[in-house]
Amino acid sequence: MERLPEPRRDPGPPVARVVRLPDGTHAYADSFAPPVVHQHLHQAPPDRMLARLALGAGVGAGAVAATVVAGPLLVGALAAIAANLAVLAVLAAVVAWGVVSVVRSVGGSGGSPPAVRVGRARKRS
């Protein structure tokens with residue numbers, strides 16, 4: 001059996017000490033070293049709510065796989081539809097503002113003069 005060297009006794013930088021493990025073997029123990037932290041970062045798991053509902057309902061593995069795939073696809077499609085509707089709503093608001101601005105500038109204040117003009121034009125014909 002090979003003997004490990006004894007640690008130095010003189011003052012100086014800290015050294016590793018030799019300890020005896022429970023199985024009888026010797027090992028170096030670094031009491032001065034900072035502890036090593038192993039941190040594992042994982043991506044968040046996908047939402048499995050639909051899969052859990054499908055399993056609770058007693059359906060087969062094909063339906064569970066379909067929910068795992070179709071669930072995020074459905075959410076993505078609904079988000080795209082909502083974005084399109086938001087763009088269309090902004091476009092409609094801009095067009096309506098433009099039409100109102102043109103009608104007000106042509107017709108004058110309050111909209112009554114254009115109504116009077118239209119009424120007079122109808123009476124003449």
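For the structure given in this document, a descriptive report is provided here. (Residues numbered from 1 in each chain as written. Predicted model: local features only at pLDDT ≥ 70, side-chain atom pairs only at ≥ 80, totals over all residues. Heavy atoms only, no water.)

### Things to note about the overall build of the protein chain
Next up, step 1: What the protein chain contains, in helices and strands, is three helices and two strands.
Next up, step 2: Along the chain direction, N to C, the helices and strands of the protein chain fall in the order β-β-α-α-α.
Next up, step 3: Across the 125 residues that make up the protein chain, the buried fraction comes to 6%.
Next up, step 4: When the accessible surface of the protein chain is summed, it comes to about 10,900 Å², and 66% of that surface belongs to carbon and sulfur atoms. (Helix = DSSP H or I, 4+ residues; strand = E, 2+ residues; numbered from the N terminus. Buried < 20%, exposed > 50% of the residue type's maximum accessible area, 1.4 Å probe, protein only. Areas by Shrake-Rupley, 256 points an atom, 1.4 Å probe, with all protein chains shown as cover.)

### What about a positive patch on the surface?
Next up, step 1: A cluster of basic side chains, namely Arg-117, Arg-120, Lys-123 and Arg-124, defines a positive patch on the protein surface.
Next up, step 2: Assignment of secondary structure puts Arg-117 in helix α3 (residues 112-124). (Patch = residues over 30% accessible without salt bridge, like charges linked within 9 Å, V, L, I, M, F, W, Y side chains within 5 Å. Salt bridge = Lys/Arg side-chain N within 4 Å of Asp/Glu carboxyl O. Lys, Arg positive; Asp, Glu negative; His and termini not counted. Charge placed at Lys NZ, Arg CZ, Asp CG, Glu CD.)

### Points about the pairing of strand β2 (residues 26-29)
Next up, step 1: Two elements, strand β1 (residues 17-20) and β2, share four bridges in a ladder whose sense is antiparallel. Across the sheet, Val-18 pairs through a bridge with Tyr-28, a residue of β2.
Next up, step 2: The antiparallel hairpin formed by β1 and β2 contains five residues in its connecting segment, where Gly-24 sits at a positive phi of about 100°. (Pairing = 2+ DSSP bridges.)

### Some points on a nonpolar patch on the surface
Next up, step 1: Together, Leu-74, Leu-78, Ile-81, Leu-85, Leu-88, Leu-91, Val-95, Val-99 and Val-103 give the surface a local cluster of nonpolar side chains, amounting to about 860 Å² of exposed area.
Next up, step 2: For Val-95, a relative accessible area of 48% corresponds to the partly exposed category.

Keep in mind these values describe shape, not function.
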